[in-house]
Every structure is written in structure tokens, then in C-alpha cells.
2 protein chains.
Amino acid sequence: MTQPTICPKFEKAISLLSQRWMALVIYQLLLGTQRFSEIQSSIGISGKVLSDRLKELEHLDIVKREVIPQTPVLIEYSLTEKGHSMEPILRTIENWSQDWVNPESKVSAD
Amino acid sequence: MTQPTICPKFEKAISLLSQRWMALVIYQLLLGTQRFSEIQSSIGISGKVLSDRLKELEHLDIVKREVIPQTPVLIEYSLTEKGHSMEPILRTIENWSQDWVNPESKVSAD
DNA sequence: TAAACTTAGTTACGTAAAGTAATCAATTTA
DNA sequence: TAAATTGATTACTTTACGTAACTAAGTTTA
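Report on the accompanying structure. (Residues numbered from 1 in each chain as written. Chains lettered and ligands numbered in written order. Predicted model: local features only at pLDDT ≥ 70, side-chain atom pairs only at ≥ 80, totals over all residues. Heavy atoms only, no water.)

This part covers the sheet that holds strand S1 (residues 34-35) of chain B. All names here are of chain B. In space, the three strands of this open sheet follow the order S1-S3-S2, with antiparallel pairing throughout. In this open sheet, the two edge strands, each paired with only one partner strand, are S1 and strand S2 (63-68). Bridge analysis of S1 against strand S3 (residues 74-79) gives two bridges, and the strand direction is antiparallel. Pairing of Gln-34 across the sheet is with Tyr-77, part of S3. Along the sheet, helix H2 (residues 22-29) contacts S1, S2 and S3; its crossing angle with S3, the most-contacted strand, is approximately 95°. (Pairing = 2+ DSSP bridges. Helix = DSSP H or I, 4+ residues; strand = E, 2+ residues; numbered from the N terminus. Contact = heavy atoms within 4.5 Å. Axes fitted to C-alpha atoms, helices over the stretch in contact; angles between N-to-C directions.)

The subject of this paragraph is the protein's contact with DNA strand D. The environment of DNA strand D is made up of 19 residues, and the closest members are A:Ser51, A:Arg65, A:Tyr77, B:Lys48 and B:Arg53. For DNA strand D, the fraction of protein-proximal atoms (within 4 Å) that sit in sugar or phosphate groups is 70%. For DNA strand D, a phosphate oxygen lies 3.0 Å from a polar atom in the side chain of A:Lys55. Within the backbone of A:Ile75, one N or O atom sits 3.5 Å away from a phosphate oxygen of DNA strand D. Contributing elements (two or more residues each) for the surface near DNA strand D: helix H3 (36-43), helix H4 (47-59) and strand S3 (74-79) of chain A together with helix H4 (47-59) of chain B. If you tally residues by element for the surface near DNA strand D, the top one is H4(A), at four residues. Its residues assigned to classes, the surface near DNA strand D comprises seven nonpolar, five polar and seven charged. (Near = heavy atom within 4 Å. Polar contact = N/O pair within 3.5 Å; in protein donor to acceptor, adjacent residues only side chain to side chain. Nonpolar A, V, L, I, M, F, W, Y, C, P; charged D, E, K, R; others polar.)

To continue, consider the packing of aromatic side chains. Each aromatic ring pair is specified by the distance between its two centres and by the angle formed by the two planes. All told, the structure shown has two aromatic pairs over all chains when counted by the stated rule. Ring geometry for A:Tyr27 and B:Phe10: centres 4.1 Å apart, planes at 35°, overall tilted. Of this pair, A:Tyr27 sits in helix H2 (residues 22-29) while B:Phe10 sits in helix H1 (residues 8-17), on two different chains. (Phe/Tyr/Trp six-rings, centres within 6.5 Å; stacked < 30°, edge-to-face > 60°.)

Attention shifts here to the sheet that holds strand S2 (residues 63-68) of chain A. Each strand in a sheet pairs with its neighbour through backbone hydrogen bonds, running either in the same direction (parallel) or in the opposite one (antiparallel). Residue and element names in this part refer to chain A. What the three strands build is an open sheet, ordered S1-S3-S2; its pairing is antiparallel. The open sheet is flanked by strand S1 (34-35) and S2, the only strands paired with a single partner. Sheet strands in contact with H2 are S1, S2 and S3, and its direction is about 95° off that of S3.

This is the structure:
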């Protein structure tokens, strides 16, 4: 028994990044400030889930939400300092994928 | 429109790591060869999902499965070269989590 | 011989998360 | 007044996950 007990901070980071679309939303915002519909069309996420994810990212101080009172109202999303601090994670995954991922075969087992 | 189109290899890596428990299973195997029940108790995953994840990881050549014909039969799981090549990803997440994650607050929004 | 134990894995069933599409609210334009 | 636009929500369906009981094969115990 005596399982090594995984670090709670690490476990929390993993549970964040394991949520579907989470990493892609952050990755997309690394390109700069974007609006709701831009993120939506660039990664193909549904409005419902994007709304959920952005709320959680805002809550975690990873994403900043700014209302631009124009015609019609615009809402701009951008990364906070904490959000930008995640760039190495995304880059490491990006680099690994270039070396090791075969885009042909399926991810799921047959 | 003309969305930037995310790299398929990157997208596939993300969809792999976005599956629940996937990263933790690999992280656990970075410690060395382990048996089914060891992985299960160390990260608290159900037998059903662990079975699914190990099958997929084996299919993707990230995990190697070895049958030890003993009494009762033992099955050892270990990382392949491709599996070990993912270590930097896990370490980067680990490092980030130490600097930025507050283990007190919830991951999900209230 | 038969019951009980061990390890790896599966099956059935219930719950939770995600996808789809229609709709809403606010504002401007035709 | 009606249409269009942007961000967001609601109702409903589908998929993923969790729980717990169970199977299979061999071994020890009674």
C-alpha cells in the first residue's frame, strides 16, 4: 500500500488541462487577444462549452475578460500573466507532437 | 473566416492528453514498471477506465504490456521509448504547477 | 473434491459531461 | 417593425466516466 501520493498542485494542474478544449483555448489565446466567436470558429468548440471554459479560466485568473461597449458589444479575451506562464507547457506538447505523433492513425483504440 | 487551422499532430497530442487519467497514468509509469493494481491504487482510477486507457496507450505504442506467467499471473506495464519521450511534457506541467497552482481553491468555477 | 484467494479484466447500470440546435438580450440598421 | 450581429443560455441527445458485481485461471486450504 503506502501509495506515493501525487502532489496536489500537480494533480490540480492535470485536472485543469485534462478538461476537453481547455488547452486549445489557452493555445489559441497565445496568439493574442480574441473574441468569443473567433475562438469558437478557430478550434471548433460549441458556444456552450466555450462559455463554460472561459468562465473557469477567468475564475482561475488565467484569462481576462474585457467588455468593449461598441455596436454590438464586443468582448475581448486575453491571457493574464498566469495564462502566459503556461506557454512552455503548450510548446512542450507542440514539440513532442511534431516528433512523435502520427496524424494518420486514430487516437482511440479500434 | 480563414481560421488558422491548428496543426493536426498537435491537436492529436492534445486530445490524447485531454482524456481523463491519461497523463496521470503516464506520469505514474515514469516511476518505472508497474502492475495493474499498483497503478490503480496509486492514482485512484477505476479498473474499467484504467483497462481502457492502458489498451489505448498500448495501441499508440506509449505503453508496453508484459505477461509474467506466475502464480497468479502478473502483468507488467512500462513505458516504451515513445512513452519516455513524453517525460518533458509531464515535467513542464509539474514545474508550472509548483509555481502557479493554489491547491486550496477549486478548479471548477462556483 | 470443493471452497476460498489472488490478479487482471469485463459487464451492467447509473450519473455526469459534452455536442447540437434553437433561443435570448441588447443594439443598430433597413 | 423586422432583420442582423455578438455573446451567451436552455432543452435535449449522445458520449464518457464511476461503481460495484462478476469472470477466468491458477493455488492454496479444508
